Amino acid sequence: MSGLILVLNSGSSSLKFSVVDHSADRAVFEGLAEQLGGEAAKITFKTATGQREPQTMPGIDHHQALAAVFDKLSERKLMQDIIAIGHRVVHGGEFFNQPTLITEEVIAKIRACEPLAPLHNPAHLIGILGAREACPHLPQVAVFDTAFHQTMPPKAFLYAVPIALYEQHGVRRYGFHGTSHEYVSGETIKRLQLDPEDSGVIVAHLGNGASVCAVANGKSMDTSMGLTPLEGLVMGTRSGDIDAGVLQYLHNTCGMSLEDIMDMLNKRSGLLGLSNQSNDMRSLCELASTGDAAATTAIEVFCYRLAKYIAAYSVALERLDAIVFTGGIGENARPVRARVAALLKNLGVSLSDELNQENGDPRGVISNPQSRIPLLVIPTQEELMIARATFSSI
Ligand code: ADP
């Protein structure tokens, strides 16, 4: 069967879509509606040749953005070739360990996970319900960020709190970015010709959100995000790991409410909070290169936390065959990769400055041949993975 798969990622204030030609395994048309609900709302369509068509649409919401996407797909005569729709869903709790054909029961379970992802899951449901209404004849598949991590053993997913909190309320570590970790670790196994049944890979997905994952034989063994995406690495605006005692301290000494504290930890911390200037690694690298002390410190805290996690995750694996960088920062920020490699010298890691500058050899390798563990850069392909998973589920 050939045809097109529509991939939808209906986020909290954005709607991303991609039309993937299944037989060619590539996107033929894509777009992004941003700042939905605000005066600056706009949609940008992008063709396979990279041509962009931005359109401002002040005040449009998710429903109107979805309608505009379907109109555009009809206008470009793509609609008639779409055979299925794949939806990115952030939280599937313990309900889902693989991509799943959407039924009423699946919708109810995604809704049941709303308390775990209050910004994301309701927005995904708008996309799912809107697409069902517009295309009732098409099969739809949910692809969960959490599903890949359902193989984590209890020693990795349990918090050391009263066990009843897990048993009665599902308080545990779930992990996110599963689609990216699965794709990048799978590519690593292929590119380095590793034994799929006896391999260990650590993937660092470094975008605005960031997480590390230890993958043994293609299965997630541990990952740095937890019940929510707040845990783990330093991110664009999220703090990552923090002593829970800080919450009480801030409440008692500064009179901050729980809501204020959570807002601060999610939206005003991380690279933005430390640098007091930007959440954007590219800008911070530029500032650091001109001697800006705050930007330099923000990058150093980011790299140190990341290197610490990578070293720690060697414990989760029987063997360690590769460390791989992906996501906007992982794929582009050469100084970050260089600093992390330097911090990992005790693991026998040796970066090739030349390959690092070139973003890797044809396999993506950026380490020297004598490096005890190869380092790689592999661009993530979340949309393509969602399309592949959708096709296999229909
Ligand atoms: P998202 O998680 O929103 O998908 P991306 O994966 O696109 O984010 O990553 C965004 C991050 O990648 C930003 O911090 C951005 O500055 C960083 N980035 C992109 N290009 C570069 C570059 N050339 N150098 C350094 N950082 C970069």
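Everything below is about the structure shown above.
Computed from a predicted structure; not experimentally measured.

Thresholds, definitions, all that
- Residues numbered from 1 in each chain as written.
- Predicted model: local features only at pLDDT ≥ 70, side-chain atom pairs only at ≥ 80, totals over all residues.
- Heavy atoms only, no water.
- Helix = DSSP H or I, 4+ residues; strand = E, 2+ residues; numbered from the N terminus.
- Rg over C-alpha atoms; globule rule 2.2 N^0.38 Å.
- Buried < 20%, exposed > 50% of the residue type's maximum accessible area, 1.4 Å probe, protein only.
- Contact = heavy atoms within 4.5 Å.
- Areas by Shrake-Rupley, 256 points an atom, 1.4 Å probe, with all protein chains shown as cover.
- Lys, Arg positive; Asp, Glu negative; His and termini not counted.
- Charge placed at Lys NZ, Arg CZ, Asp CG, Glu CD.
- Polar contact = N/O pair within 3.5 Å; in protein donor to acceptor, adjacent residues only side chain to side chain.
- Pairing = 2+ DSSP bridges.
- Axes fitted to C-alpha atoms, helices over the stretch in contact; angles between N-to-C directions.
- Parallel < 35°, antiparallel > 145°, perpendicular 65-115°, else oblique.
- Left-handed = near helix turned anticlockwise from the far one by under 90°.
- Nonpolar A, V, L, I, M, F, W, Y, C, P; charged D, E, K, R; others polar.
- Phe/Tyr/Trp six-rings, centres within 6.5 Å; stacked < 30°, edge-to-face > 60°.

A word on the overall build of the protein chain. Per the secondary structure count, the protein chain includes 15 helices and 13 strands. In terms of C-alpha radius of gyration, the protein chain reaches 21 Å, essentially the compact-globule figure of 21 Å for 394 residues. Residue burial in the protein chain is summarised as follows: out of 394 residues, 50% are buried. Long-range contacts, defined here as pairs at least 24 residues apart, represent 61% of the contacts in the protein chain between residues at least 6 apart. Total accessible area computed for the protein chain in this model is approximately 18100 Å², and 52% of it derives from carbon and sulfur atoms. Mean positive and mean negative side-chain charge positions of the protein chain (32 and 42 charges, respectively) differ by 3 Å.

With respect to the secondary-structure elements, Ser 180 resides in helix α6 (residues 178–191). Look at Ser 180 and you get buried, because its relative accessible area is 0%. In terms of polar contacts, Ser 180 uses its side chain to reach the side chain of His 205, at 2.8 Å. Those residues in contact with Ser 180, other than ones at most four positions away along the chain, are His 205, Thr 326, Thr 380 and Glu 382.

Considering the arrangement of structural elements, one finds Phe 148 in the loop between β8 (140–144) and α4 (154–157). Distance from Phe 148 to His 181, taken between C-alpha atoms, is 8.1 Å for residues 33 residues apart in sequence. Apart from the residues within four sequence positions on either side, Phe 148 is in contact with Gly 178, His 181, Glu 182, Ser 185, Cys 213, Val 215, Gly 218, Lys 219 and Ser 220.

Strand order in the open sheet formed by eight strands is β5-β4-β3-β2-β1-β6-β8-β7, and the pairing between neighbours is mixed. One side of each edge strand has no neighbouring strand; the edge strands of this open sheet are β5 (52–56) and β7 (100–101). Here five bridges tie strand β6 (residues 82–89) to β8, and the two strands are oriented parallel to one another. The partner of His 87 across the bridge, within β8, is Ala 142. Against the sheet, helix α3 (residues 120–134) engages β1 (4–10), β6 and β8, with an angle of about 170° to β6. Strands β1, β2 (15–21), β3 (26–34), β6, β7 and β8 of the sheet are contacted by helix α15 (residues 382–393), whose axis makes an angle of about 120° with β6.

With their axes 10 Å apart at the nearest point, helix α7 (residues 245–254) and helix α8 (residues 258–267) run at an angle of 125° to one another. Relative to α8, α7 is oriented oblique. As α7 runs across α8, the sense of the crossing is right-handed. Note on element contacts: α8 touches α7 through Leu 258, Ile 261, Met 262, Met 264 and Leu 265, opposite Leu 247, Leu 250 and His 251. Each residue belonging to the contact of α7 with α8 can be placed in one class, and the counts come to seven nonpolar, one polar and no charged.

All right, on to the packing of aromatic side chains then. To describe a pair of aromatic rings, you give the distance between the ring centres and the angle between the ring planes. Enumeration over the complete set of coordinates arrives at seven aromatic pairs. Considering the side-chain rings of Phe 96 and Phe 144, the 4.1 Å spacing of their centres and the 10° angle between planes classify their relative orientation as stacked. Remark: Phe 144 occurs in strand β8 and Phe 96 occurs in the loop between β6 and β7; sequence separation between them is 48 residues. By relative accessible area, Phe 96 is classed as buried at 6%. Phe 144 gets classed as buried once you look at its relative accessible area, which sits at 3%.

Take unusual backbone geometry next. Positive phi, normally seen in glycine, also occurs at Gln 193, with a value near 50°. Position of Gln 193 among the secondary structure elements: in the loop between α6 and β9 (200–206). Even without glycine at this site, Asn 276 takes up a positive phi of about 60°. For Asn 276, the position within the fold is in the loop between α9 (270–275) and α10 (281–289). What makes Asn 276 exposed here is its relative accessible area of 69%.

In short, the description is geometric, and any link to function would need to be established separately.
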